[in-house]
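# Chain and residue survey
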Amino acid sequence: MAVAAAVFWAAGTMTAQRQYEPHFAIGAKGGMTLSQMEFTPGVEQSMISGMVMGVTARYTEEKIFGLVGELNIEQRGWKEVFEDTEFIYQRRLTYLQLPILTHIYFGGDKFKGFVNLGPSVSYLISDNISSNFNYADPGSVDGFPIENRHVNQMSMEVKNKFDYGILAGAGMEFIIRRKHSLFLEGRYYYGLGNIFPAAKKDEFSASRGTSIQVSVGYMFHIK
């Protein structure tokens, strides 16, 4: 009996030692994006800069594992390239974004590294075009390089305001006090939804957004 009691006591002690107290934190973030579109057929373009800002909540229950939920405003879009000319066309698409991410972290009491990965859904709230020519009728513009070039995307209306895709990021967190920390993160977003119709009769079979995001943020550790 004494041996059995000792075994049960030891097992209970080991289980208690393995338990990890859940933690919950909330915070805010802000930063910049570099984005472009994946068009098929292709469009001559370069990345356009934008901003991202939002609020974040994080729950961790295991020693290296947790979940992150965010509500962000993020700008994506593209900038057309016109070689050896002064034509300018850029289009910023502003989204309300909701990512739900797996959070894997490692490190000590003062510094942690982490990886975030998961799905993201977005809704378009603003579509802003900046141009120095009549993009609705570029063929009428003197000197416009229209040969062998797709131009309809410049004036096409975004038909699919809902967007969805995959986010992957990595970063570091600095714990400055017991309940306060700062973090730096880089992310890549790959969109799976098309902003324009993509049926066989349509001009583009793919019109998906991609972006690189760099942000800094603050977390307050409630528990």
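Residues numbered from 1 in each chain as written. Predicted model: local features only at pLDDT ≥ 70, side-chain atom pairs only at ≥ 80, totals over all residues. Heavy atoms only, no water.

## A few points about the nonpolar core
Ranked by internal contacts, the top residues of the largest apolar core, which has 19 residues, are Phe-133, Phe-144 and Ile-195. Those elements that provide at least two residues to this core are β1 (23-40) and β5 (89-107). With three residues, β5 is the single largest residue contributor to this core. Excluding anything up to four places from it in sequence, Phe-144 contacts Phe-82, Phe-87, Phe-133, Pro-138, Arg-149, Val-151 and Met-154. In this structure, Ala-25, Tyr-105, Phe-114 and Phe-183 belong to the second largest nonpolar core, which totals five residues. (Core = buried A, V, L, I, M, F, W, Y, C linked by side-chain atoms within 4.5 Å. Buried < 20%, exposed > 50% of the residue type's maximum accessible area, 1.4 Å probe, protein only. Helix = DSSP H or I, 4+ residues; strand = E, 2+ residues; numbered from the N terminus. Contact = heavy atoms within 4.5 Å.)

## Some remarks on the pattern of salt bridges
On inspection of all chains with the given rule, the structure shows 12 salt bridges. Put simply, Glu-157 and Lys-159 hold a salt bridge, and the shortest N to O gap is 3.9 Å. The residues Glu-157 and Lys-159 share a single accessibility class, namely exposed. Taken together, the shared-partner salt bridges connect Lys-29, Glu-70, Glu-185 and Arg-187 into one network. (Salt bridge = Lys/Arg side-chain N within 4 Å of Asp/Glu carboxyl O.)

## Comments concerning unusual backbone geometry
Cis peptide bonds are those with omega within 30 degrees of zero, and the linkage from Thr-40 to Pro-41 qualifies with 0°. Tracing the backbone through its elements, the reader meets Pro-41 in the loop between β1 and β2 (45-46). For Asn-148, which is not glycine, the phi torsion reads 55° and is therefore positive. Tracing the backbone shows Asn-148 in the loop between β6 (111-131) and β7 (162-177).

## Brief notes about the packing of aromatic side chains
Per the stated rule, a full pass over the model turns up 14 aromatic pairs. With 5.4 Å between their ring centres and 80° between their planes, Phe-87 and Phe-133 make a pair best called edge-to-face. In this pair, Phe-87 sits in the loop between β4 (65-80) and β5 while Phe-133 sits in the loop between β6 and β7, placing the two residues 46 residues apart along the sequence. Assigned by exposure class, Phe-87 and Phe-133 land together as buried. Through successive ring pairs, a cluster of aromatic residues spans Phe-39, Trp-78, Tyr-89, Tyr-135, Phe-196 and Phe-204. The ring of Tyr-95 has Arg-76 sitting right over it, with the charged end atom 4.4 Å from the ring centre. (Phe/Tyr/Trp six-rings, centres within 6.5 Å; stacked < 30°, edge-to-face > 60°. Lys NZ or Arg CZ within 6 Å of the ring centre and 35° of its normal.)

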